[in-house]
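# Architecture and fold: a report
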Amino acid sequence: MQQSFHPRHFALVPAAGSGSRMGAGLPKQYLPLLGQPLIRHALATLCATPEIDQVFVVLSVDDSHWARHDWSEMSPKLVPLFCGGPTRADSVLAGLRAIAHDVAATDWVLVHDAARPCLASWHVERLIRELGHDDCGGILALPMADTLKRADEQRRIVETVARDRLWRAQTPQMFRYVVLRRALESAHGVTDEASAIEAAGLRPRLIEGDTTNLKVTWPLDLHLAEWILLHREGVVQ
Ligand code: C5P
């Protein structure tokens with residue numbers, strides 16, 4: 001694998017989950033949102049961002065939904081990879097392995113959840129601008145606004161967790177290809193890329209995002225996402 005003096009930026013979108021918490025018959029990434037499959041919104045933003053060279057989408061091996069939609073508007077940047085694994089981290093790692101010949105070791109990879117459809121170009125551009133000269137890389141995140149409670153099995157509060165210096169991790173999460181790949185190859189049970197990087201002894205930076213970049217998890221989130229996309233123009237950046 002070559003080194004690159006002018007590192008490029010690639011997006012990798014894990015979209016091989018089943019989205020069982022939504023309780024819908026369709027995987028979450030294909031649920032209709034403003035008349036389009038949910039995943040299409042974030043892919044459109046990533047493909048339209050000039051700094052991003054290519055957008056790789058990791059689908060499950062037996063995905064039968066992708067081919068039912070027309071993606072031609074977004075090509076040639078968009079590349080589907082049918083190599084997803086049993087967990088999100090497995091899917092990301094499989095995607096990284098599949099693109100090994102397309103990227104240089106020091107190129108940046110921006111991993112973005114298919115389930116965050118309200119990604120805006122200013123989110124991506126802020127991340128790239130702030131981390132361009134960073135040794136480690138980092139993630140979009142939000143400082144905690146709520147007081148946090150830890151519960152027991154009966155849902156009674158056993159502890160109040162101080163919220164100062166606590167952040168909610170979002171995506172994209174941006175790291176150098178080779179660093180991310182090695183970190184994921186050694187990490188187990190991580191739920192985001194930053195955890196793998198932390199486990200490797202590095203300290204990713206937190207770049208403040210905003211609440212519009214929500215993750216669609218529960219049915220109500222679909223309505224919130226729809227409202228955000230419709231009212232996006234009014235959102236202060
Ligand atoms: O289920 P959750 O919302 O945490 O999934 C986050 C992202 O990871 C989604 O875009 C989902 O499609 C993806 N994922 C994946 N492979 C899995 C599980 C989740 O690509 N096995």
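What comes next is a walk through the structure.

To continue, consider the overall build of the chain. Summing up its helical and strand segments, the chain has 6 helices and 11 strands in all. Here the C-alpha atoms of the chain give a radius of gyration of 18 Å, agreeing with the 18 Å that 2.2 N^0.38 yields for 237 residues. In terms of overall dimensions, the chain has C-alpha extents of about 55 × 45 × 35 Å along its principal axes. Sequence separation of at least 24 residues holds for 72% of the intrachain contacts in the chain that already meet a minimum separation of 6. Split by element, the accessible area of the chain, about 12500 Å² in all, is 51% carbon and sulfur. Taking the average location of the 25 positive side-chain charges in the chain and that of its 28 negative ones, the two points are 3 Å from each other.

So, about the pairing of strand E6 (residues 108–111). The alternating pattern of E6 places Trp108 and Leu110 and Val109 and Val111 on opposite faces, both of which are buried. Relative to E6, strand E1 (residues 9–14) runs parallel, the two being bridged by 4 bridges. Counterpart to His9 in the pairing with E6 is Trp108. Pairing of E6 with strand E10 (residues 167–176), which is carried by 4 bridges, proceeds in the antiparallel orientation. Directly across from Val111, in E10, lies its bridge partner Gln173.

Before going further, it helps to examine unusual backbone geometry. That bond from Thr171 to Pro172 is cis: its omega, 10°, falls within 30 degrees of zero. You can see Pro172 is positioned in strand E10. With phi around 60°, Arg155 is a residue other than glycine that occupies positive phi space. Its location among the elements puts Arg155 in the loop between strand E8 (148–151) and strand E9 (157–161). A relative accessible area of 78% means that Arg155 is categorised as exposed. Positive phi values are uncommon outside glycine, yet Arg165 reaches one of about 70°. Overall, the relative accessible area of 78% leaves Arg165 in the exposed class.

Bringing helix H6 (residues 219–230) into the picture now. For H6, built from 12 residues, the straight-helix expectation of 16 Å at 1.5 Å per residue is met to within 8% by its first-to-last C-alpha distance of 18 Å. Its buried side turned inward, H6 meets strand E2 (32–33) and helix H1 (38–48).

As for its position among the elements, Asp134 is in the loop between helix H3 (121–131) and strand E7 (138–143). According to the relative accessible area criterion, Asp134 is buried, its value standing at 14%. Sequence separation of Asp134 and His9 is 125 residues, and the distance between their C-alpha atoms is 14 Å. Not counting chain neighbours up to four residues away, the residues in contact with Asp134 comprise Trp108, Arg176 and Arg205. Looking at Asp134, its side chain comes within polar contact range of the main-chain nitrogen of Cys136, at 2.8 Å.

On to the sheet that holds E7. Pairing is mixed across the open sheet formed by 7 strands, whose spatial order is E5-E4-E1-E6-E10-E7-E11. Two strands bound the open sheet, and with one partner strand each, they are strand E5 (78–82) and strand E11 (205–208). Geometrically, the sheet is characterised by an average inter-axis angle of 30° between neighbouring strands, direction not taken into account. Of the strands in this sheet, E1, strand E4 (52–59) and E5 are in contact with H1, which crosses E4 at around 155°. Each of E1, E4, E5, E6 and E10 is contacted by helix H2 (residues 88–98), which is oriented at about 140° to E1, the strand it contacts most.

Cut-off values and rules
Residues numbered from 1 in each chain as written. Predicted model: local features only at pLDDT ≥ 70, side-chain atom pairs only at ≥ 80, totals over all residues. Heavy atoms only, no water. Helix = DSSP H or I, 4+ residues; strand = E, 2+ residues; numbered from the N terminus. Rg over C-alpha atoms; globule rule 2.2 N^0.38 Å. Contact = heavy atoms within 4.5 Å. Areas by Shrake-Rupley, 256 points an atom, 1.4 Å probe, with all protein chains shown as cover. Lys, Arg positive; Asp, Glu negative; His and termini not counted. Charge placed at Lys NZ, Arg CZ, Asp CG, Glu CD. Buried < 20%, exposed > 50% of the residue type's maximum accessible area, 1.4 Å probe, protein only. Pairing = 2+ DSSP bridges. Expected span 1.5 Å × (residues − 1). Polar contact = N/O pair within 3.5 Å; in protein donor to acceptor, adjacent residues only side chain to side chain. Axes fitted to C-alpha atoms, helices over the stretch in contact; angles between N-to-C directions.

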